[in-house]
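# Fold and contact review
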Amino acid sequence: RAKKEAGGEIVFYDRRMDEASRDRSALAMELRQALARGEFELRYQPQTSLGDGAVIAYEALIRWRHPERGLLAPDAFIPVAESTGLIRDIGAWVLHAACREAAAWIEPVGVAVNVAPVQLAQSDFVELVRDALLASGLEAGRLELEVTEASMIADHEQLRAVMIELKAIGVRVAMDDYGAGYASLAALRSFPFDKIKIDRGFVESLGRDPQSLAIVRSTLLLGRALSIPVLAEGISSEDGLRFLREEGCTEGQGFLFGRPIEAEAVRRRMGMAPAGPAASPPPDAGAS
Ligand code: C2E
Ligand code: MG
Ligand code: MG
Ligand code: MG
């Protein structure tokens, strides 16, 4: 009887695997169309100086306005985009769109763009960045790329070369989700990062988890010792903010300061007139 049950489970499992891969290829096809149809949008979340509360930069975060399923968060499609290679084209769109938007801002704050590991490994990645800067007219010093340590698994020498080239043109590179992966420290040693972004998982649980508190505290010390600024992600409470300030953290991001907002809302905050119709999608139905 146990055997039968086990057998049943295996069949069930196999069928699910099958469905999952069918879903994945359907999604891949949809993603390709989405790019062609202009269904992707960017939201912008402020990164704030904990000293004076000023916005230092906005992080561009992708959304997919799916014709049937509504506004989708990146977790719903970025993994498939990465595994199918579509992230190259989507990522190129993101980079161009974010640079174009930031170049139009009347406040010269920075713009942070997430870059997937496979993008960084592309032989023409630096070329793409240069193109986006040229096409938009954005100063290189206002662009920061956010990469996770997953990017660092591939060919170290090639990645180092890419980062050094980026630095040479004046673009900064931040390590995103610091501490969430297995090799954050090793990556920090091997690559010349300009910023450390502490993963929001640690920041969110600061108040109730002594381990998180110790990790955040030691990351701040590490940043200081290495002369690399540290930004805390996911700040959502005044208590968290107070603690981070006391520990000498200088930059933060999180719902406490602001959720990701539409490009149009960023412009409004800067006192700018609305952009043309192409840049003003219909009012957001909810997901941020
Ligand atoms: P990330 O780069 O670490 O971005 C921060 C994520 O945390 C965003 O989720 C943001 O909305 C969320 N967040 C910010 N503050 C808070 C907070 O106080 N509390 C909570 N609970 N969440 C907060 P989002 O926009 O869903 O993005 C998820 C991830 O998707 C990003 O994590 C990034 O890894 C990836 N991603 C987003 N846009 C792009 C893109 O254009 N290209 C690539 N390759 N990846 C992207
Ligand atoms: Mg990021
Ligand atoms: Mg992050
Ligand atoms: Mg993340």
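Above this text you will find the structure in question.
Residues numbered from 1 in each chain as written. Chains lettered and ligands numbered in written order. Predicted model: local features only at pLDDT ≥ 70, side-chain atom pairs only at ≥ 80, totals over all residues. Heavy atoms only, no water.

### A look at helix α5 (residues 125-136)
Note the threshold: In DSSP terms, a helix is any run of H or I states spanning at least four residues, a strand is any run of E spanning at least two, and both are numbered starting from the N terminus. By this rule the span expected of a helix is its residue count minus one, scaled by 1.5 Å. Throughout, exposure labels follow a simple rule: accessible area from a 1.4 Å probe, protein chains only, divided by the maximum for the residue type, with under 20% read as buried, over 50% as exposed, and the rest as partly exposed. Think of the arc as the fan of directions from the helix axis to the C-beta atoms. Residue contacts are counted whenever heavy atoms from the two residues lie within 4.5 Å of one another.
For α5, which comprises 12 residues, the first-to-last C-alpha distance of 17 Å matches the rise-based estimate of 16 Å (1.5 Å per residue) to within 8%. Buried within α5 we find Phe125, Val126, Leu128, Val129, Ala132, Leu133 and Ser136. Each buried residue of α5 lies within a common arc of 160° when the element is viewed along its axis, so the set occupies one face. Facing away from the buried side of α5 by more than 90 degrees, the exposed set consists of Leu134 and Ala135. Lining the buried residues of α5 we find α3 (87-104), α4 (117-120), β5 (143-147) and α6 (156-169).

### Details of the packing of aromatic side chains
Quick note on the threshold: Note on ring pairs: Phe, Tyr and Trp rings are taken, using the six-membered ring of Trp, and paired if centres are within 6.5 Å. Classes follow the plane angle, with under 30 degrees stacked, over 60 edge-to-face and the rest tilted.
This model, assessed by the stated rule, comprises 7 aromatic pairs. Both rings, one in Phe40 and one in Phe77, keep their centres 5.7 Å apart while their planes meet at 35°; by these two values the pair is tilted. One end of the pair, Phe40, is in strand β1 (residues 40-49); the other, Phe77, is in the loop between β3 (70-72) and α2 (78-84), and 37 residues separate them in sequence. One exposure class covers both Phe40 and Phe77, and it is buried.

### Here we look at the packing of α5 against α6
Note the cut-off: Axis angles are defined between N-to-C directions and span 0 to 180 degrees, where every axis is a line fitted to C-alpha atoms and, for a helix, only to the segment in contact. Convention used here: angles under 35 degrees read as roughly parallel, angles over 145 as roughly antiparallel, angles from 65 to 115 as roughly perpendicular, and any remaining angle as oblique. In this scheme the handedness of a crossing depends on how the near helix is turned from the far one: anticlockwise by less than a right angle means left-handed, clockwise means right-handed. All residues other than Ala, Val, Leu, Ile, Met, Phe, Trp, Tyr, Cys, Pro, Asp, Glu, Lys and Arg, Gly among them, are scored as polar; the first ten of these are nonpolar and the last four charged.
Axis separation between α5 and α6 bottoms out at 10 Å; the angle between their running directions is 20°. Viewed along their axes, α5 and α6 adopt a mutual orientation that is roughly parallel. For the pair α5 and α6, the crossing hand works out as right-handed. Here Phe125, Val126, Val129, Arg130 and Leu133 of α5 come into contact with α6, specifically with Val162, Glu165, Leu166 and Ile169. Of the residues assigned to the contact of α5 with α6, the class counts are 7 nonpolar, no polar and 2 charged.

### Overview of the site of ligand 1
Rules: For this purpose, a residue is taken to be near a molecule or strand whenever a single non-hydrogen atom of the residue falls within 4 Å of it. Polar contacts, as counted here, are pairs of nitrogen or oxygen atoms within 3.5 Å of one another; within protein the pair requires one atom able to donate a hydrogen and one able to accept it, and residues that are adjacent in sequence qualify only if both atoms are side-chain atoms. Note on areas: these come from Shrake-Rupley sampling with a 1.4 Å probe, and a residue is covered only by the protein chains present in the view.
As a structural note, the neighbourhood of ligand 1 is formed by 23 residues, with Arg63, Asn114, Asp176, Arg200 and Phe255 the closest of them. Glu204 places a side-chain nitrogen or oxygen 3.1 Å from a nitrogen atom of ligand 1. The contact in question runs from an oxygen atom of ligand 1 to an N or O atom on the side chain of Glu233, over 3.2 Å. Computed on the free molecule, ligand 1 has an accessible area of 800 Å², of which 84% lies beneath the protein chains in the complex. Mapped onto the shell around ligand 1, the elements with two or more residues apiece are β2 (55-66), α3, β6 (172-178) and α8 (200-204).

### Description of the coordination of the magnesium ion (ligand 3)
When a metal carries six donors in an octahedron, the ideal angles between them are 90 or 180 degrees, while four donors in a tetrahedron ideally lie at 109.5 degrees. The condition is simple: Donor atoms: N, O and S within 2.8 Å of the metal, or within 3.2 Å for Na, K and Ca. Because water is excluded, sites can look incomplete.
Distances from the magnesium ion (ligand 3) to its protein donors, namely Asp176 (OD), Asp177 (OD), Glu233 (OE) and Glu233 (OE), fall within the range 2.0 to 2.5 Å. Site description for the magnesium ion (ligand 3): donor spacing in sequence, D-D-x55-E. The metal-metal distance between the magnesium ion (ligand 3) and the magnesium ion (ligand 2) comes to 4.1 Å, with Asp176 coordinating both. In this pair, Asp176 sits in strand β6 while Glu233 sits in the loop between β8 (230-232) and α10 (238-246), placing the two residues 57 residues apart along the sequence. Residue classification places Asp176 among the buried residues on the basis of a relative accessible area of 7%.

### Comments concerning the pairing of β6
A regular strand places its side chains on the two faces of the sheet in alternate fashion. This is how it is decided: At least two bridges found by DSSP between two strands is the condition for calling them paired. Handedness of a crossover is defined as follows: with both strands directed away from the viewer, a clockwise route from the first strand across the helix to the second makes it right-handed.
Within β6, 5 of the 7 residues are buried, which leaves it mostly tucked inside the rest of the structure. Pairing geometry for β6 and strand β7 (residues 195-198), over 3 bridges, is parallel. Across the sheet, Tyr178 pairs through a bridge with Ile198, a residue of β7. Assessed by its sense of winding, the connection that carries the chain from β6 through helix α7 (residues 184-190) to β7 is right-handed.

### Regarding the packing of α3 against α5
Between α3 and α5, whose axes approach to 9 Å, the crossing angle comes to 30°. Accordingly, the angle class assigned to the pair α3 and α5 is roughly parallel. For the pair α3 and α5, the crossing hand works out as right-handed. Packed against α3, whose contacting residues are Ala92, Leu95, His96, Cys99, Arg100 and Ala103, the element α5 presents Leu128, Val129, Asp131, Ala132, Leu133, Ala135 and Ser136 at the interface. Residue classes in the contact of α3 with α5 are distributed as 9 nonpolar, 2 polar and 2 charged.

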